[in-house]
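# Secondary and tertiary structure notes
So you can see what is in the structure, the chains are spelled out below.
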Amino acid sequence: QVQLVESGGGLVQAGGSLRLSCGASGRIFSINDMGWYRQAPGKQRELVAAITSGGTTNYEDSVKGRFTISRDNAKNTVYLQMNSLKPEDTAVYYCHADVKTSRNSRYYTGSYWGQGTQVTVSS
């Protein structure tokens, strides 16, 4: 089984910065795509940023130029550097990863989610 744990959320004033981290642990053979999603009250969960195993990135339009996603494969960790934060960025942020793991001597790719970390941006 695989576990994802996020950290780095908190309260920050508009214009400030936060850095989120998400570490994966467990029976991991390799990690394919990793990403960050967020969900604000009354809204659907949306993709914020994603990064492939090859380093290709994709961002939601509203965070382009402000957020940067990166990964450290040696640590099985993905990061989200958030700069110039706005009140509309307030949400619970969730880490996601597609992980190649093993069970009963067979390999398969599973989809895993972290528990979420609260980001609150005040004006």
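Presented here is a report on the structure given in the accompanying data block. (Residues numbered from 1 in each chain as written. Predicted model: local features only at pLDDT ≥ 70, side-chain atom pairs only at ≥ 80, totals over all residues. Heavy atoms only, no water.)

## A word on the overall build of the chain
When its secondary structure is counted, the chain shows zero helices and eleven strands. If you list the helices and strands of the chain from N to C, you get β-β-β-β-β-β-β-β-β-β-β. Over its C-alpha trace the chain gives a radius of gyration of 15 Å, about what one expects of a compact globule, namely 14 Å for 123 residues. Along the first, second and third principal axes, the C-alpha set of the chain runs to 55 × 25 × 25 Å. Burial statistics for the chain: of 123 residues in total, 38% are counted as buried. Sequence separation of at least 24 residues holds for 55% of the intrachain contacts in the chain that already meet a minimum separation of 6. Per element, the accessible surface of the chain, about 6,700 Å² overall, is 44% carbon and sulfur. Here the chain contributes 13 positive and 9 negative side-chain charges, whose respective centroids are spaced 8 Å apart. (Helix = DSSP H or I, 4+ residues; strand = E, 2+ residues; numbered from the N terminus. Rg over C-alpha atoms; globule rule 2.2 N^0.38 Å. Buried < 20%, exposed > 50% of the residue type's maximum accessible area, 1.4 Å probe, protein only. Contact = heavy atoms within 4.5 Å. Areas by Shrake-Rupley, 256 points an atom, 1.4 Å probe, with all protein chains shown as cover. Lys, Arg positive; Asp, Glu negative; His and termini not counted. Charge placed at Lys NZ, Arg CZ, Asp CG, Glu CD.)

## Structural notes on unusual backbone geometry
Phi is positive for Asn76, which is not a glycine, with a value near 50°. In this fold, Asn76 is placed in the loop between β7 (67–72) and β8 (77–82). When its relative accessible area of 24% is taken as the criterion, Asn76 is described as partly exposed. For Ser84, which is not glycine, the phi dihedral falls at a positive 50°.

## Considerations on the pattern of salt bridges
Using the criterion set out here, one finds four salt bridges in the structure. Across the salt bridge formed by Arg66 and Asp89, the nearest N and O atoms sit 2.8 Å from each other. In this pair, Arg66 sits in the loop between β6 (57–59) and β7 while Asp89 sits in the loop between β8 and β9 (91–103), placing the two residues 23 residues apart along the sequence. Residue classification places Arg66 among the buried positions, given a relative accessible area of 10%. It is possible to trace a salt-bridge network through shared partners that takes in Arg38, Glu46, Arg66 and Asp89. (Salt bridge = Lys/Arg side-chain N within 4 Å of Asp/Glu carboxyl O.)

## Concerning the environment of Gln3
Among the structural elements, Gln3 can be located in strand β1 (residues 2–7). You can call Gln3 partly exposed: its relative accessible area is 39%. When the C-alpha atoms of Gln3 and Ser111 are compared, they prove to be 11 Å apart, with 108 residues separating the residues in sequence. Once residues lying within four places of it in the same chain are set aside, the contact partners of Gln3 are Gly23, Ala24, Ser25 and Gly26.

## Points about the nonpolar core
Of all hydrophobic cores here, the largest spans 30 residues; its most connected members are Trp36, Leu80, Met82 and Tyr93. Broken down by secondary-structure element, the contributors of at least two residues to this core are β1, β3 (18–26), β4 (28–39), β5 (46–51), β7, β8, β9 and β11 (117–122). It is β9 that provides the largest number of residues to this core, a total of five residues. (Core = buried A, V, L, I, M, F, W, Y, C linked by side-chain atoms within 4.5 Å.)

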